Structures are given as C-alpha cells and as structure tokens.
Amino acid sequence: MEGDFIVPGLVELHTDNLEKQLLPRPGALWPSARAALLAHDAQLVAAGITTVHDALSCGQYYEKSDRRTMLTLALDALRDLRPAGHLRADHLRHVRCEISDPDLPRLFEPFLDMDEVHLVSLMDHTPGQRQFADLGAYRTYYSKDRQWTDEEFETEMVRMRDAQARFAGPHAADILARCRERGVPAASHDDATSDHVVWAHSQGMAISEFPTTMDAARRACELGLLTLMGSPNVVRGGSHSGNVSVREVAAAGFLGGLSSDYVPASLLHAAWILHADVSLPLWDAVALVTANPVRALGLSDRGRIEPGLKADLVRVHVDRDLPVVRRVWRDGVRVY
C-alpha cells in the first residue's frame, strides 16, 4: 500500500445527507429522488462509508415542513435503486420517529412489519428541552427555513408543546413495543440529562444519539449504551447549537461512536483528529466509525478486518494529518 493505511469500511448509523440532496435549498425539492439518492451514495463511498443507515424522517417538527414528502420520495428511490444494484454503499434503514407529531402512526405505516428496518430512533424536537432548551437558539436555527413574527412564533410554541403533551408518550410506547417484538435496535436522541438516559436504558434502547451534555454522555457510557456523537462537532471544534464538545467527551473516555450526521466527509476526518489532538490510539479512533457502531446493532459480519468477514475496505493516505480516501472496496469489489 506504499505507506497508506487499510481500514475497515466505515459504518454510518445516522445521516441526514439524503434529505440534503432531496432538498438542497429551502423550498427547492429536487425533481428526481433517484438522482438525489445516487448523489448521496456517491458522496458516501467517496468518504469511505460502505454501510449507511439512511435516517428517514418519520414525522416533522413544525408546520409546512417538506419532511413528509421527502419520506415517500426516499422510500420509493431506495426500493427502486437498491435491488437494481446501482448503489455502491450498503444502504440500510434508520427510521427517525418524531414522537410529538400527531401524524406519526400514519407515517409509520410503511414500516409496520419492520422487515427492512435496522434501527429506530425516538426524537422529540419540541422547543424548550433537549437540543433546544434555549428558545432563541431554536428560532435562530430554523430561521433559514421559516420566518416567524413574534406572535406567530409564540403560537407555534403553544401548538408544539400541546402536541408533545398529548402524543409523545403514547407514540413512544407504541414504537418501542414494536421494536422489542421484532428485535430491532432503538436509540434515544439528544439526551440532555441523566434522567433522559436512565429512561432510555429502562426501555431497552441500545444507543444514545447525540447527547447534549457531559452528564448525559457519562451516564450513557456507564449504563452500556453506545454514546454516538457527531463528527462535524469534532471537525469544527464544537457544536453548532451550543452543546457539549465531542472532543471533551472523547478525552473523558465516554465516546462510543461517531456519526457524520450532515457531512459524510467528516466521519474519517474526525477519527484522525481524535487520534492527533485527543491522543486516542489510532485503532480506538477508527473503531469509533467501524467496529463500535456495528457491535451496538449486532451486525457481526463487518466493521473489522478479519478472515470470514465482509471485504469492505478503505485505502487511506494521510497528508499532514488529513486522511485522504484513495480506494474503497465493498464485498471485495472496488466501488471507488
């Protein structure tokens, strides 16, 4: 390999990148979902990602969102292109359930048999808690999609809090019961307190996605949940929404895995940064994006370089601490 590294194919558990291709600008829904999926797939393999759990939004946080439309488009494109062999990464389904959405039961209908669902996450983006404890931060974050007057904003806050009170509990209980019945791993999302994590653990969840505080990350680690955090946070040097630094969580020993979230190229880069700047051994840093995520899901056929496992491999050249993907193989076939 002329001094380059060979690492296992990267494993992505939660990425919004397909939605980014379907809706590259607010209100600009792409006319071909199949073309958007191919663009998404190309970005993944170029980043060394050979297994991806496409995060499909089942529910939305606020009125007039395009997420319900994108769910149908994404499912149709995956059903068309995956069996045809046009996708180079292995695309698995991660269903993101917005438990405060009154329409969640109807939107979840395509997944009721759970046959092709590999991960379910429970999300509650109601302002005033979890990721958006600060209402000002919530309003600023979504201002790119929605402009509110003060009166409209207050009306929306009342509506969303009422929906949470009425629907979040029953919806969470129903989805988790289906996961337990079919043996599908479940994840909590944006845990902000130790109590959030304790509840997730009591419900049999395997993953704490993007904990927002050190206390939540610590408790998840103590209880044996995979603490999955965002690699863009590592590359940028901090959270875009004011949450805990992943570098600090890693230095404290509480980081279990990384997700590229909204930037596929950040996954491998973040692993190398944690090796260089936080002094994680390289094998431990690479495990954050390979072996650890698949262990949490019970996928025993990938994530490591061993005889008998899938030949998902990435050749990496390092240029002044920047990892450059040179070759990617999936199932022994070169795909990049």
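Before any of the text, the structure's been laid out above.
Residues numbered from 1 in each chain as written. Predicted model: local features only at pLDDT ≥ 70, side-chain atom pairs only at ≥ 80, totals over all residues. Heavy atoms only, no water.

Chemist: Could you clarify how one ought to interpret the packing of helix α7 (residues 194–202) against helix α8 (residues 214–223) in this entry?
Modeler: In helix packing, the relevant descriptors are the interaxial angle and the interaxial distance, both defined with respect to the helix axes. Across the interface, α7 lies against α8 with an axial gap of 8 Å and an inter-helix angle of 30°. What the angle tells us is that α7 and α8 run roughly parallel. The interaxial crossing formed by α7 with α8 has right-handed handedness. Every residue of α8 that contacts α7 at Ser194, Val197, Val198 and His201 is listed here: Ala216, Arg219, Ala220 and Leu223. Class assignment of the residues belonging to the contact of α7 with α8 gives a composition of five nonpolar, two polar and one charged. (Axes fitted to C-alpha atoms, helices over the stretch in contact; angles between N-to-C directions. Helix = DSSP H or I, 4+ residues; strand = E, 2+ residues; numbered from the N terminus. Parallel < 35°, antiparallel > 145°, perpendicular 65-115°, else oblique. Left-handed = near helix turned anticlockwise from the far one by under 90°. Contact = heavy atoms within 4.5 Å. Nonpolar A, V, L, I, M, F, W, Y, C, P; charged D, E, K, R; others polar.)

Chemist: Please clarify how the pattern of salt bridges should be interpreted in this entry.
Modeler: Two side chains carrying opposite charge are able to pair once their charged atoms lie near each other. Applying the stated rule across the entire model yields 22 salt bridges. The shortest N-O distance in the salt bridge between Arg326 and Asp4 comes to 2.9 Å. Residue Arg326 is found in strand β11 (residues 322–330), and its partner Asp4 is found in the segment before β1 (5–8); the two are separated by 322 residues along the sequence. For Asp4, a relative accessible area of 12% translates into the label buried. For Asp76, the salt bridge identified is with Arg79, shortest N-O distance 3.9 Å. You can see Asp76 and its partner Arg79 sitting in helix α3 (residues 67–84), three residues apart, about one turn around the helix. You can call Asp76 partly exposed: its relative accessible area is 43%. (Salt bridge = Lys/Arg side-chain N within 4 Å of Asp/Glu carboxyl O. Buried < 20%, exposed > 50% of the residue type's maximum accessible area, 1.4 Å probe, protein only.)

Chemist: Would you mind going over the sheet that holds strand β5 (residues 117–123) with me for this structure?
Modeler: Whether parallel or antiparallel, the strands of a sheet pair through hydrogen bonds between backbone atoms. Strands sit in the order β2-β3-β4-β5-β6-β7-β8-β9 across an open sheet of eight strands; the sheet is parallel. Strands at the two margins of the open sheet, each flanked by one partner only, are β2 (10–15) and β9 (257–259). Averaged over all adjacent pairs, the angle separating strand axes in this sheet is 25°, with direction ignored. (Pairing = 2+ DSSP bridges.)

Chemist: For this particular structure, what's the right way to read the nonpolar core?
Modeler: Inside soluble globular proteins, nonpolar side chains tend to come together where they are buried. Phe111, Val120 and Leu122 are the most contacted members of the largest nonpolar core, which has 40 residues in total. Looking at which element gives the most residues to this core, the answer is α3, with seven residues. Look past the residues within four positions of Val120 in its chain and what remains in contact with it is His94, Val95, Cys97, Met114, Ile175, Cys179, Val184, Pro185, Ala186 and Ala187. Counting 37 residues, the second-largest nonpolar core is a separate cluster that includes Leu255, Val278, Leu280 and Leu288. (Core = buried A, V, L, I, M, F, W, Y, C linked by side-chain atoms within 4.5 Å.)

This is a description of form; function is not addressed.
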